Number of protein chains: 2
Amino acid sequence: MTEQIEAPRRTPLNRVRVLEAAVSLADDVGIESLSMRRLAQQLGVVPMALYKHVANKDELLDGMVDVIVGEIDPPARGPGWKDAVRLRILSARQALLRHPWARQVVESRTSRSPAVLEYMDDFIGMFLAGGFSVDLTHHVMHALGSRMWGFTQELFDDAGSHEAEADVTPEAQAAMFQEMSRRYPNILQVAMAARHDDRSVVGQGCDDQFEFEFALDLLLDGFERLQEQGWDSTQAKLGRP
Amino acid sequence: MTEQIEAPRRTPLNRVRVLEAAVSLADDVGIESLSMRRLAQQLGVVPMALYKHVANKDELLDGMVDVIVGEIDPPARGPGWKDAVRLRILSARQALLRHPWARQVVESRTSRSPAVLEYMDDFIGMFLAGGFSVDLTHHVMHALGSRMWGFTQELFDDAGSHEAEADVTPEAQAAMFQEMSRRYPNILQVAMAARHDDRSVVGQGCDDQFEFEFALDLLLDGFERLQEQGWDSTQAKLGRP
DNA sequence: ACCTGAACACCGTTCAAGT
DNA sequence: ACCTGAACACCGTTCAAGT
């Protein structure tokens, strides 16, 4: 009997390999097409093999968020709190933008992994180091919310660009435009003005950098003002019935 | 042959009935358990029957958002822009809080239904009526983002309350606490302070009203300041390289 | 012409049977 | 003791066959 030669050993599966494969598969095929079965196939293993390394699909998604958090630059040491916070958020933004599915997944997670907790702990630390009271820091973190991850809710994802180009006749487009201007005159006004603007285009499908920084700086300036005023939540609560 | 008596006619299905049934089914069993099949069963029809009234599941979800938008109070007529915006957002918040799944679904939608467009058009109209330039209004809408719907990202959903009560021994709890204070000292500090606070408790599982209004008012005050200063995006862009 | 049962092509996860 | 193929209990959606 010929002794059976072992097939060339696949580099053995481990958690990191599984998570990284999941991230790049989601990058390639989209998060909605990422399934345990498809991921297993990509890795050349039977679906069940994945369950050795992640308890279930939710844990897989948590792990994928951790991979992304790992791509965010560590907190800058030099500058004051405002620049430190700003830089870290903009770095998070770059990491998130690299993975189109990330925003949705980050938003949908309810539990916080150690990596996420550490990320948040760093933020809190930056405010405290900047002289913010624990009280103000608490509320400021809530106000920051998901902007901590470097994204803003899209206002118009692709309103209008549905199948606009090819199929629709100019007449139909004109009719749609008329209907829009009748029903949503304000949206139209804003959209038109934005289109004339050189830098930002409504509906370009991607979170615009200027909009993001506008909102972020508005918040940071607000935080700064409150801190300088010695804002205190107990006072604020007394002031408002 | 006895003439077959028609079974008592079900009130015939229509789009509104389907959507309302979907909303209350999601209220009851959670959005993750809402399926076309289960909804059909609830309505006493075959799954295929639903496809007469909604093209597919995505359109069903869009329609469910419309039902919720319909629950939001119409814009107030009397007050200035700031109170008008504030009231409408807090009304949206009430509607969204009535349906635990709504936040997630609103966030996940990429297309905007007529009802949603109208809701946004109203907001834009409030700012314009308040003397905001089209330009500033545009950026302000982006800054408002998903806060337009009356929710903020949860910071801590139920971190720690996982299975804390029953199963875990006091010793294990103490150990976990120590581990937390070592790894996430800043989070702990903020969490402890918040727990002493009479009104807000971190991790109470629901978006806290005070946090929401804090962040909202910070933004509204910021908007007001910019408007009074005659803020202009072209200037802002020149000022920043 | 209309309606719908059965089928298709998937899921995530369990579990018992095989080595 | 370990591994995994088959199975379970679902999905959303298509489509052809039946009335």
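About the criteria used
Residues numbered from 1 in each chain as written. Chains lettered and ligands numbered in written order. Predicted model: local features only at pLDDT ≥ 70, side-chain atom pairs only at ≥ 80, totals over all residues. Heavy atoms only, no water. Helix = DSSP H or I, 4+ residues; strand = E, 2+ residues; numbered from the N terminus. Buried < 20%, exposed > 50% of the residue type's maximum accessible area, 1.4 Å probe, protein only. Contact = heavy atoms within 4.5 Å. Areas by Shrake-Rupley, 256 points an atom, 1.4 Å probe, with all protein chains shown as cover. Core = buried A, V, L, I, M, F, W, Y, C linked by side-chain atoms within 4.5 Å. Near = heavy atom within 4 Å. Polar contact = N/O pair within 3.5 Å; in protein donor to acceptor, adjacent residues only side chain to side chain. Nonpolar A, V, L, I, M, F, W, Y, C, P; charged D, E, K, R; others polar. Axes fitted to C-alpha atoms, helices over the stretch in contact; angles between N-to-C directions. Parallel < 35°, antiparallel > 145°, perpendicular 65-115°, else oblique. Left-handed = near helix turned anticlockwise from the far one by under 90°. Phe/Tyr/Trp six-rings, centres within 6.5 Å; stacked < 30°, edge-to-face > 60°.

Moving on: the overall build of chain A. Within chain A, the regular secondary structure consists of 13 helices and 0 strands. Starting at the N terminus, the α and β elements of chain A follow one another as α-α-α-α-α-α-α-α-α-α-α-α-α. By residue count, 47% of the 241 residues in chain A fall in the buried class. Relative to all contacts within chain A whose residues are 6 or more apart in sequence, the contacts with residues 24 or more apart total 71%. Summed over its atoms, the accessible surface of chain A is roughly 12,800 Å², and 52% of this surface lies on carbon and sulfur atoms.

Glancing now at the nonpolar core. In this structure, A:L60, A:M64, A:F223, B:L60, B:M64 and B:F223 are the most contacted members of the largest nonpolar core, which totals 138 residues. When near neighbours in sequence (up to four residues on either side) are disregarded, A:L60 contacts A:V18, A:L19, A:A22, A:L34, A:M36, A:L39 and A:V54.

Before going further, it helps to spend a moment on the protein's contact with DNA strand D. Neighbouring DNA strand D are the residues A:R37, A:V46, A:M48, A:K52, B:S35, B:M36, B:R37, B:M48, B:Y51, B:N56 and B:K57. Protein-proximal atoms of DNA strand D, defined as those within 4 Å of the protein, fall in sugar or phosphate at a share of 47%. For DNA strand D, a phosphate oxygen lies 3.0 Å from a polar atom in the backbone of B:M36. One nitrogen or oxygen atom from the side chain of B:R37 is found 2.5 Å from a base nitrogen belonging to DNA strand D. Classifying every residue of the surface near DNA strand D by side-chain character gives 5 nonpolar, 2 polar and 4 charged.

Residues and elements named next belong to chain A. Packing of helix 5 (residues 81–98) against helix 7 (residues 114–129) leaves a shortest axis separation of 9 Å and a crossing angle of 155°. What the angle tells us is that helix 5 and helix 7 run roughly antiparallel. Our pair here, helix 5 against helix 7, has a crossing hand that is left-handed. Contacts from W81, A84, V85, R88, I89 and A92 in helix 5 reach Y119, D122, F123, M126 and F127 in helix 7. In terms of residue class, the contact of helix 5 with helix 7 is made up of 9 nonpolar, no polar and 2 charged.

The subject of this paragraph is the packing of aromatic side chains. Any aromatic ring pair is given by two values, namely how distant the centres are and how the planes are angled relative to each other. Residues and elements named next belong to chain A. Tallying each qualifying case throughout the model produces 14 aromatic pairs over all chains. Between W81 and F127, the ring centres sit 5.7 Å apart and the planes meet at 40°, which makes this aromatic pair tilted. Residue W81 is found in helix 5, and its partner F127 is found in helix 7; the two are separated by 46 residues along the sequence. Owing to a relative accessible area of 12%, W81 belongs among the buried residues under this scheme. On the basis of relative accessibility, which here comes to 0%, the residue F127 falls in the buried class.

With that out of the way, let us pick up the protein's contact with DNA strand C. The local shell around DNA strand C consists of A:S35, A:M36, A:R37, A:M48, A:Y51, A:N56, A:K57, B:R37, B:V46, B:M48 and B:K52. Restricting attention to atoms of DNA strand C within 4 Å of the protein, one finds that 47% of them are sugar or phosphate atoms. One of the side-chain N or O atoms of A:S35 is found 3.0 Å from a phosphate oxygen in DNA strand C. At 3.0 Å, a backbone N or O of A:K57 approaches a phosphate oxygen of DNA strand C.

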